[in-house]
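Spelled out from the first residue to the last, the chains are:
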Amino acid sequence: MRAARLRRSSDIAALRSEGRSLRRGTFSVRVRRTGLPQTRLAVTAPRTVGRAVARNRARRRVREAFRRTIAGAATTTGLDLTGLDLLVTARGEAATADFPALLADAAAVLREAGG
């Protein structure tokens, strides 16, 4: 399963107001169940992460960690992640953290959200 991009500002606003908050060391996540047949993902990075280069790097790394984890979740763990909207806000550590740590944080969040 591949995660679709969550792009509409109205969907993101609804997720911010109605979603459940989960926090990890490298990012925080808002999660909401929808009736849609796919998982949708949006990644943001505030200016507190750093300048534009650092924010873009953090967004790319976090997005890729979630994409890999979502793709492998259905086959390896049997989690049902369909119908989830995820808004991930990267923290400063996301730009410099080891990629396996990002993958572990993403897997922990998805286990908690999908369960």
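None of these values were measured; they are calculated from a predicted model.

What counts, and where the lines are drawn
- Residues numbered from 1 in each chain as written.
- Predicted model: local features only at pLDDT ≥ 70, side-chain atom pairs only at ≥ 80, totals over all residues.
- Heavy atoms only, no water.
- Pairing = 2+ DSSP bridges.
- Helix = DSSP H or I, 4+ residues; strand = E, 2+ residues; numbered from the N terminus.
- Contact = heavy atoms within 4.5 Å.
- Axes fitted to C-alpha atoms, helices over the stretch in contact; angles between N-to-C directions.
- Buried < 20%, exposed > 50% of the residue type's maximum accessible area, 1.4 Å probe, protein only.
- Salt bridge = Lys/Arg side-chain N within 4 Å of Asp/Glu carboxyl O.

### A few points about the sheet that holds strand β2 (residues 20-23)
So, step 1. Taken together, the 5 strands give an open sheet; going across it, the order is β1-β4-β5-β3-β2, and neighbouring strands pair in mixed fashion. What marks the edges here is a single partner per strand, and that holds for β1 (4-5) and β2.
So, step 2. Of the pairings in the sheet, the one linking strand β4 (residues 40-44) to strand β5 (residues 84-90) comprises 5 bridges and is parallel in character. Within the sheet, the bridge partner assigned to Leu-41 lies in β5 and is Leu-86.
So, step 3. Strand contacts of helix α1 (residues 9-18): β2, β3 (27-33), β4 and β5, with the helix running at about 100 degrees to β3, the strand carrying the most contacts.
So, step 4. The strands touched by helix α3 (residues 99-114) within the sheet are β2, β3 and β5, with β3 carrying the most contacts at an inclination of about 30 degrees.

### Description of the side chain of Asp-11
So, step 1. On the secondary structure map, Asp-11 appears in helix α1.
So, step 2. Given a relative accessible area of 15%, Asp-11 falls into the buried group.
So, step 3. Apart from the residues lying within four places of it in its own chain, the contact partners of Asp-11 are Leu-6, Arg-32 and Arg-40.

### Remarks on the pattern of salt bridges
Opposite charge on two side chains allows them to pair when their charged atoms are near.
So, step 1. Evaluation of the coordinates by the stated rule reveals 6 salt bridges.
So, step 2. Arg-32 is the salt-bridge partner of Glu-18, the closest N and O atoms lying 3.0 Å from each other. Of this pair, Glu-18 sits in helix α1 while Arg-32 is found in strand β3, placing the two residues 14 residues apart along the sequence.
So, step 3. In this structure Arg-32 comes out as buried when scored by relative accessible area, which is 18%.
So, step 4. Residue Asp-85 is joined to Arg-40 by a salt bridge in which the shortest nitrogen-to-oxygen separation is 2.8 Å. Taken together, the residues Asp-85 in strand β5 and Arg-40 in strand β4 connect sequence positions 45 residues apart. Assigned by exposure class, Asp-85 and Arg-40 land together as buried.
So, step 5. What you see here is one network of salt bridges that share partners, running through Asp-11, Glu-18, Arg-32, Arg-40 and Asp-85.

### Notes on the environment of Ala-65
So, step 1. Among the structural elements, Ala-65 can be located in helix α2 (residues 52-76).
So, step 2. For Ala-65 and Ile-12, which are 53 residues apart along the polypeptide, the C-alpha to C-alpha distance reads 20 Å.
So, step 3. With residues up to four places along the chain from it excluded, the contact list for Ala-65 reads Phe-99, Leu-102, Leu-103 and Ala-106.

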